[in-house]
Amino acid sequence: MSSTVELRAVDDRPADAPIGHAAAPALVSGQHLLGLDELGPAGIQQLLSHTDRFVEVNQRAIPKVPALRGKTVCTLFFEDSTRTKLSFETAAKRLSADTMSFSVSSSSVNKGESVRDTVETIQAMGVDAFVVRHSSSGVPWQITKWVNAETSVINGGDGWHSHPTQGLLDAYTICQARNGSAGDAASLAGVRIGLIGDVKHSRVARSDVQAFTALGAEVILIGPETLLPPSIVGWGIGNGTVEIGHDLDSLLPTLDVVALLRIQTERLGESLVPSAREYTSCYGITTKRLGLIRSDAIITHPGPMNRGVEVSVDVLDTHPGVVITKQVANGVAVRMAALFLLIGSGVDVL
Amino acid sequence: MAERERRGAPPFGGVFVARAQVLDAEQVHRALVRISHEIVERNRGLDDVVLVGLQTGGTPLADSIAGILHSMEDTEVPVGVLDVALYRDDIGIRPVLPQAVTDIPGDLTGRTVILVDDVLYTGRTIRAALDALNAFGRPRSVQLAVMIDRGHRELPIRPDFVGKNLPTRRDEVVDVTLDGVELGEVLK
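Residues numbered from 1 in each chain as written. Chains lettered and ligands numbered in written order. Predicted model: local features only at pLDDT ≥ 70, side-chain atom pairs only at ≥ 80, totals over all residues. Heavy atoms only, no water.

Moving on: the overall build of chain B. A tally of helices and strands in chain B yields four helices and eight strands. The order of α-helices and β-strands along chain B, N terminus first, is α-β-α-β-α-β-β-α-β-β-β-β. Taken over the C-alpha trace, chain B has a radius of gyration of 16 Å; the compact-globule value for 188 residues is 16 Å, and the two agree within 12%. Principal-axis analysis of the C-alpha atoms gives chain B an extent of 45 × 35 × 30 Å. A buried classification covers 57% of the 188 residues belonging to chain B. Intrachain contacts of chain B at a sequence separation of at least 6 include 73% that bridge at least 24 residues. Side-chain charges in chain B split into 22 positive and 29 negative, and the spacing between the mean points of these groups amounts to 7 Å. (Helix = DSSP H or I, 4+ residues; strand = E, 2+ residues; numbered from the N terminus. Rg over C-alpha atoms; globule rule 2.2 N^0.38 Å. Buried < 20%, exposed > 50% of the residue type's maximum accessible area, 1.4 Å probe, protein only. Contact = heavy atoms within 4.5 Å. Lys, Arg positive; Asp, Glu negative; His and termini not counted. Charge placed at Lys NZ, Arg CZ, Asp CG, Glu CD.)

Next up, the structure:
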């Protein structure tokens, strides 16, 4: 070493900055992703920030990285799904993980095997992460009690409770449509988001509200009284706000984001709305209502879409702010980030 | 992001304490000018040369070399950035920083790629980078430029262009910015 030696201490950080592992990430290896309220605003921002790099990976000519070689991801779907299941499997494959898939219709559940026995059987084959969907709330949480300590459980939608990766991908898509990417501090501060439709029975709505409010958005739940929750206490997390509205026509021009929810056809038989046509005339996005949506607004829908019920048949093909296919594409990237943080990276040691 | 900020930010959360200044800003600049000349000399010009800075410490150095090459040869050399986090062999051992996104300018097939990083240490980052480059084509050759070679290699990797060879202990940390190079340690 030829240069001068000068002894001094450098600490550029503010005096109140946390030292050591206090500043560690919210997601660490071996943890589960069950709901966004557990992840918290900091964890949500962290996950969205990691999503940027996976969006780039998905745009490559060879969209595959070796990050999860040798890991196995099992999709355990006790309820039907197209996009969530395929999205998780694609995410796992693009990270070079192996995938196993399970669906009730072709399994021993039909012979009476319990959820616990099913999980323990598959676990014995060696699984690093289970992605669980079930029609009853809380099943993914229950499964965390039955898996090995190092196995992660990711909630792929449980009952009315939560669908965390959907909330994350909706938040990411809105950030992307507004700013190009999530960046290292994703924010929706001051963004007015209307969540329209069957909020009460929707796990997507609960996770969306948590993701949006965690990033500071103003969320308005819009729908007929029978499809809105009796109370919104505890729905929001972080700095955002939640309110309830009924008059879609007067609210639409104020919205920065029109987030549509699926009307579950089984609800139509429960006398919650008089008929599908009645719902469409009051809360559906018709050609007339499309004129009330600002041209710079963003329109999202989690799918599957009931064309002719919550949207009229061709309306969504004409508005420039429709990001439904981007939601699906970003879903893969968000799930790659979740899998990578849960079973790849994230050990908070140096 | 230099080593000091990287070690100070989550998920690391330590404090970098400098023990000695190894190079000042002027010496860093001179080293970059020399490396730029060596790049032109080695490749007989800048045809098909692409600079790729490694996230996060190599990116400002790659930009700086591109600026120097432009003033020397009046040629715009494409500059990319590469994040190797998903190709590392220590995934699960070492925390991964968010916000390090790859951006490679076009297909690298047939190009001469010059990887630029701040510090060459075990060589494992460069191994991961060579692996990552495969996703973007088949370069004609890959060369390595580093500001500091601090020794302790664990893989058969050597740099082509070096700012300074700096013998270090394993527990030391080298912080490289365009404003200078400091040797120190991280307190937790």
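All names here are of chain A. When the domains of chain A are assigned, the result is domain 1 (27-163 + 330-344) and domain 2 (164-324). Each of domain 1 and domain 2 has a C-alpha centre, and the two are 25 Å apart. Counting residues at the interface gives 31 residues for domain 1, matched by 33 residues for domain 2. Of the roughly 2600 Å² buried at the junction of domain 1 and domain 2 (both faces included), carbon and sulfur atoms supply 63%. Sorting the residues of domain 1 by area buried against domain 2 places Leu 36, Trp 160 and His 163 first, and these three jointly supply 28% of that buried surface. Glu 79 is the salt-bridge partner of Arg 203, the closest N and O atoms lying 2.8 Å from each other. For the pair domain 1 and domain 2, the interface holds 15 residue pairs in polar contact (both at pLDDT 80 or more). Mapped onto the side of domain 1 that touches domain 2, the elements with two or more residues apiece are helix H1 (36-58), helix H2 (83-94), strand S3 (129-134), strand S4 (152-158) and helix H11 (324-344). Each residue belonging to the side of domain 1 that touches domain 2 can be placed in one class, and the counts come to 11 nonpolar, 13 polar and seven charged. (Domains from an automatic or database assignment. Buried area = accessible area lost by both parts, 1.4 Å probe. Salt bridge = Lys/Arg side-chain N within 4 Å of Asp/Glu carboxyl O. Polar contact = N/O pair within 3.5 Å; in protein donor to acceptor, adjacent residues only side chain to side chain. Nonpolar A, V, L, I, M, F, W, Y, C, P; charged D, E, K, R; others polar.)

What follows covers H1(A). Taking 1.5 Å per residue, 23 residues should reach 33 Å; H1(A) reaches only 24 Å between its end C-alpha atoms and comes up short. Burial analysis of H1(A) places 18 of its 23 residues in the buried class, the great majority of the element. (Expected span 1.5 Å × (residues − 1).)

Right, let's get into the pattern of salt bridges. Pairing between side chains becomes possible if they bear opposite charge and their charged atoms approach one another. Residue and element names in this part refer to chain B. One pass over the full model with this rule turns up 23 salt bridges over all chains. A salt bridge links Arg 111 to Asp 48, with the nearest nitrogen and oxygen atoms 3.9 Å apart. Of this pair, Arg 111 sits in the loop between strand S3 (79-82) and strand S4 (112-120) while Asp 48 sits in the loop between helix H2 (25-42) and strand S2 (49-54), and the two are 63 residues apart along the sequence. For Asp 48, a relative accessible area of 40% puts it in the partly exposed group. Between Arg 124 and Glu 154 there is a salt bridge; the shortest N-O distance is 2.6 Å. Here Arg 124, found in helix H4 (residues 124-133), pairs with Glu 154, found in the loop between strand S5 (141-149) and strand S6 (161-165); they are 30 residues apart in sequence, far enough to count as distant. The network of salt bridges with shared partners includes Asp 89, Arg 124, Glu 154 and Arg 170.

Before going further, it helps to spend a moment on the packing of aromatic side chains. With the rule as written, the count across this model stands at three aromatic pairs over all chains. The ring of Phe88(A) is capped by Arg335(A), whose NZ or CZ atom sits 5.0 Å from the centre of that ring. In this arrangement the basic side chain of Arg150(B) is found over the ring face of Tyr121(B), its NZ or CZ atom lying 3.9 Å from the centre. (Phe/Tyr/Trp six-rings, centres within 6.5 Å; stacked < 30°, edge-to-face > 60°. Lys NZ or Arg CZ within 6 Å of the ring centre and 35° of its normal.)

With 89 residues, the main nonpolar core has Leu82(B) and Leu115(B) as its most contacted residues. When residues are assigned to domains, this core turns out to be shared by domain 1 (27-163 + 330-344) and domain 2 (164-324) of chain A, each giving three or more. Residues in contact with Leu115(B), not counting those within four places in the same chain, are Val52(B), Leu54(B), Leu82(B), Ile126(B), Ala129(B), Leu130(B), Leu133(B), Val142(B), Gln143(B), Leu144(B) and Ala145(B). Counting 30 residues, the second largest nonpolar core, distinct from the first, contains Leu51(B), Ala62(B), Ala145(B) and Met147(B). (Core = buried A, V, L, I, M, F, W, Y, C linked by side-chain atoms within 4.5 Å.)

All names here are of chain B. Over its 18 residues, H2 runs 26 Å from end to end, which matches the ideal 26 Å to within 8%, given 1.5 Å per residue. Taken as a whole, H2 has its buried residues at Val 28, Ala 31, Leu 32, Ile 35, Ser 36, Ile 39 and Val 40. Where H2 begins, the capping side chain belongs to Asp 24, and its oxygen is found 3.1 Å from the backbone nitrogen of Glu 26. Trailing H2 by a residue or two, Arg 44 shows a phi angle of about 50 degrees, which is positive.

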